[in-house]
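# Residue-level structural notes
Listed here are the chains, written in short residue letters.
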Amino acid sequence: MSNVSFLTPARCVLLIGDEALYLYDSGGGKTRLIDTVPWGAKDFEEAVADIIRRECKGKSLLILNDMTDQHFKGGQRMPKVGAMDRLPVLQRKLMAAFPNYPIRGALPIKDKLPRSALKANASGGLFLFAAVPMSEPVSKTLSAARQSLASISGFTLLPVESSDMVRALAERAMKREQSRSRWAVLIGQHMGGGLRQVITRDGQLAMTRMTPVTDLQADPGAWVNEVAQEFKATISYLSRFGYSPDDGTEVFVIATPSAGEQLRDLIDVPCNYTSYTVTEAAEALGFRIGPQDDQYHADPLHAAWAARKSRFVLPMEAPDIKKIYGPRQAAMVAALLLFCGAAYLSWNVMSQAQTLLLARSDLGGERTTQADLEVKYQAELQRMQALGFDVKLIQSSLGTFKGLEGGGLRPLPLLQGISKTLSLF
């Protein structure tokens, strides 16, 4: 959890779903749903920009993509190149992997090969490549963010940014159960109706799935059966990634307490099963999300976790995104520099003013001391005069004597010089 900061400023999260854009305000121990705007809404960009200006009130925006249209390629091995060439080579490989998707990112992952194999392959490391198309929902969201004039802190993918949240839950569970599991699965239904599963292996994202299911509140029994089937399908997919029941699996489900208990009875895969409400999951992670309209939608948990981050697991890059937050970040840096300059000048003026006040105070003290000494001096003169001593006359006589002594003629050195001169003849 090292990349999660509890001092991070509050953010507004624009969660891009398949059906709508969900706007969350996260900060101060609360995460609330501001509004939901369907993609087909009239004047979508203007409406969202107005909501951001009215509700976010200057907070930075985090764009969190939760659509099914996300593409990943794991195990992409980089050639071993110099430090200066590493980034250009990585960008070329990323472009070659996803030539038609402008929004891309690369995440370094741990290499499980032995050292001998790494040396033989001259590997520069393994990467997970990710990309999303510039779809209409993404384009509309970026356009609305641009019109709002709010700063953008990043564009990220929800399953990637939640992978370390799954790891944090797994570490807490393993510590409690005194067990060791390589696999962890977080299952939760989102407001758009989809069931999002985030699967990690050794703390790193291994796979994610988003599938439609019945809404839990509408039909809890159907929801439990469908989720159990989807989890079994996930386990079958994991066999491609080297899954073994002996590796140990932590399963976390966001649901109502009753649905969570029913689902426990239907899961026959060997695992450590934990069911949370969304509020309980946040508390298990060490933070609060505040009151929610329901306790089984996982969206607020993902939004709150990502919003608290000081740095993101995989910030996505694209020219259209840079056009928005690049100039605004530069403006923020310039404003920060101006603020620092103004603060320094204010401090300097205050310091000089304080020095001047101290000097005036010292001068007043010295003048008071001088006046006191003058009074004492005059009193002493009067006392000496009463005793028959004219101090001023004595001082004047001494001054005259010293003046005559200093400017008078001294014949001895002159006579010595004449004597030495005559001795030469």
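The residue numbering used here restarts from 1 in each chain and proceeds along that chain's sequence as written. Given that the model is predicted, a residue must reach a pLDDT of at least 70 before its local features are reported, and side-chain atom pairs must reach 80 or more before they are shown or counted; all residues, however, enter totals for whole chains, interfaces and linings. Only hydrogens and water are set aside when side-chain values are computed; all heavy atoms of the structure are taken into account.

## Considering the packing of aromatic side chains
Quick note on the threshold: Two rings belonging to Phe, Tyr or Trp (six-membered ring only in the last case) form a pair when the distance between their centres is within 6.5 Å. Interplanar angles under 30 degrees mark stacking, angles over 60 mark edge-to-face geometry, and anything in between is tilted. Secondary structure elements follow DSSP: runs of H or I no shorter than four residues count as helices, runs of E no shorter than two count as strands, and numbering proceeds from the N terminus. Per-residue accessibility, obtained with a 1.4 Å probe over protein chains only, is compared with the maximum for each type, and a residue is labelled buried under 20%, exposed over 50%, and partly exposed between these values. Distance and angle both matter: a charge sits over a ring if NZ of Lys or CZ of Arg is within 6 Å of the ring centre and within 35 degrees of the ring normal.
Following the criterion strictly, the structure yields six aromatic pairs and no others. Considering the side-chain rings of Y344 and W347, the 6.0 Å spacing of their centres and the 35 degrees angle between planes classify their relative orientation as tilted. Here Y344 pairs with W347, and both are found in helix 11 (residues 319-386), just three residues apart, close to one helical turn. Judged by its relative accessible area of 52%, W347 is exposed. Between K73 and the ring centre of F98, over which it is positioned, the NZ or CZ distance is 5.2 Å.

## What to know about the sheet that holds strand 13 (residues 272-276)
Two orientations exist for strands paired in a sheet by backbone hydrogen bonds: parallel and antiparallel. Which entries qualify depends on this criterion: Whether two strands pair comes down to DSSP finding at least two bridges between them. Between the N-to-C directions of two axes lies an angle of 0 to 180 degrees, each axis being a line fitted to C-alpha atoms and, for a helix, fitted only over the stretch in contact.
What the five strands build is an open sheet, ordered 11-10-9-12-13; its pairing is mixed. Every other strand in the sheet has two partners, leaving strand 11 (204-212) and strand 13 as the edge strands with one partner each. The average angle at which neighbouring strand axes cross in this sheet is 15 degrees, direction not considered. The sheet contact formed by strand 9 (residues 183-189) and strand 12 (residues 249-254) spans six bridges and is parallel.

## Observations regarding the state of the cysteines
Convention followed: Sulfur atoms of two cysteines make up a disulfide when they are within 2.5 Å.
Enumeration according to the criterion identifies one disulfide in this entry. Put simply, C12 and C56 are joined by a disulfide, and their sulfur atoms are 2.2 Å apart. The chirality of the disulfide connecting C12 with C56 is left-handed, given an S-S dihedral of about -120 degrees. A residue pair is termed long-range when its members are at least 10 positions apart, and C12 in strand 1 (residues 11-16) and C56 in helix 1 (residues 44-56) qualify at 44 residues. There is no split in this pair, since C12 and C56 are both buried.

## A few points about the sheet that holds strand 3 (residues 30-38)
Under the convention used in this document: Whether two residues touch is decided by their heavy atoms; if any such pair falls within 4.5 Å, the residues are in contact.
Read across the open sheet, the five strands follow the order 3-2-1-4-8; overall the sheet is mixed. Whereas interior strands pair on both sides, the edge strands pair on one side only; in this sheet they are strand 3 and strand 8 (152-157). Going across the sheet, the axis of each strand differs from the next one's by a mean of 20 degrees, ignoring polarity. In this fold helix 4 (residues 136-148) packs onto strand 1, strand 2 (20-27), strand 4 (60-65) and strand 8, with an angle of close to 180 degrees to the strand it touches most, strand 4.

## Quick notes on helix 9 (residues 278-285)
For clarity, the threshold we go by: This arc corresponds to the set of directions leading from the helix axis out to the C-beta atoms.
Looking at helix 9, one finds that the buried residues are V278, A281, A282, A284 and L285. Buried residues of helix 9, seen end-on, are gathered within an arc of 160 degrees and therefore sit on one face of the element. Turning to helix 9, the residues buried within the fold contact helix 6 (163-177), strand 12, strand 13 and helix 10 (299-307). One or two residues past the end of helix 9 sits G286, with phi positive at roughly 95 degrees.

## Describing the packing of helix 6 against helix 9
Here is the rule we go by: In what follows, roughly perpendicular refers to angles from 65 to 115 degrees, roughly parallel to angles under 35, roughly antiparallel to angles over 145, and oblique to any angle outside these ranges. The nonpolar class holds Ala, Val, Leu, Ile, Met, Phe, Trp, Tyr, Cys and Pro. Asp, Glu, Lys and Arg form the charged class, and all remaining residues, Gly among them, are polar.
It is at 10 Å that the axes of helix 6 and helix 9 come closest, and there the two elements cross at 75 degrees. One way to sum up the angle between helix 6 and helix 9 is to call them roughly perpendicular. Here M165, A168, L169 and R172 of helix 6 lie close against helix 9, whose contacting residues are A281, A284 and L285. Here the contact of helix 6 with helix 9 is composed, by residue class, of six nonpolar, no polar and one charged.

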